[in-house]
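Given next are the chains, with one letter for each unit.
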Amino acid sequence: MVKVFVSAIVILLLILFIQVKFTVDSQNETKIYKVKCDSIQHVSDSLYWELLPTQIELGRREVAYSIFMERNPKAASQYGDIISNETE
């Protein structure tokens, strides 16, 4: 009877050890993924702020082009043709 009890305790301790080991490994992986995620977020933020002036400039040019279309449709049409066909 004592032999069965000791065997059960050993098995339970082994299971507990394995569970703790996997938990610690999982926590370490989580830390690694958090660092990688933070790094990717930093790169994404940097690219966004690097691209922002270009996006603003493009928006300004689109607004200017639409104003140009209202004021001088023929010249704006020629300009659009040049942009579309001759600058590829």
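Described in the following lines is the structure provided in the data block. All values derive from a computational prediction rather than experimental measurement.

**Section: helix 1 (residues 2–71)**
And then number 1: An ideal rise of 1.5 Å per residue puts 104 Å on 70 residues; helix 1 measures up with 99 Å between its terminal C-alpha atoms.
And then number 2: Maximal helix bending in helix 1 amounts to about 35°, located at L52; proline P53 follows within four positions.

**Comments concerning the packing of aromatic side chains**
And then number 1: Applying the stated criterion across every chain yields a total of two aromatic pairs.
And then number 2: Pairing Y48 with W49 gives two aromatic rings, centres 5.1 Å apart and planes at 80°, and the pair type is edge-to-face.
And then number 3: Ring geometry for Y65 and Y79: centres 5.8 Å apart, planes at 40°, overall tilted. Taken together, the residues span a long stretch of sequence, with Y65 in helix 1 and Y79 in helix 2 (residues 73–86) at a distance of 14 residues.
And then number 4: Note on Y65: relative accessible area 29%, which makes it partly exposed.
And then number 5: By relative accessible area, which is 41% here, Y79 ends up partly exposed.

**Structural notes on the pattern of salt bridges**
And then number 1: Under the defined criterion, the tally for this structure stands at two salt bridges.
And then number 2: One salt bridge connects K34 with D38, and the closest N-O pair in it is separated by 3.5 Å. Of this pair, K34 and D38 both sit in helix 1, four residues apart, roughly one helical turn.
And then number 3: Given a relative accessible area of 42%, D38 falls into the partly exposed group.
And then number 4: In this structure, E57 engages R61 in a salt bridge whose closest nitrogen and oxygen atoms are separated by 3.3 Å. Here R61 and E57 lie together in helix 1, a separation of four residues that amounts to about one turn.
And then number 5: By relative accessible area, which is 33% here, E57 ends up partly exposed.
And then number 6: For R61, a relative accessible area of 55% corresponds to the exposed category.

Definitions and limits used
Residues numbered from 1 in each chain as written. Predicted model: local features only at pLDDT ≥ 70, side-chain atom pairs only at ≥ 80, totals over all residues. Heavy atoms only, no water. Helix = DSSP H or I, 4+ residues; strand = E, 2+ residues; numbered from the N terminus. Expected span 1.5 Å × (residues − 1). Bend = angle between axes of the 7 residues up to and from the residue. Phe/Tyr/Trp six-rings, centres within 6.5 Å; stacked < 30°, edge-to-face > 60°. Buried < 20%, exposed > 50% of the residue type's maximum accessible area, 1.4 Å probe, protein only. Salt bridge = Lys/Arg side-chain N within 4 Å of Asp/Glu carboxyl O.

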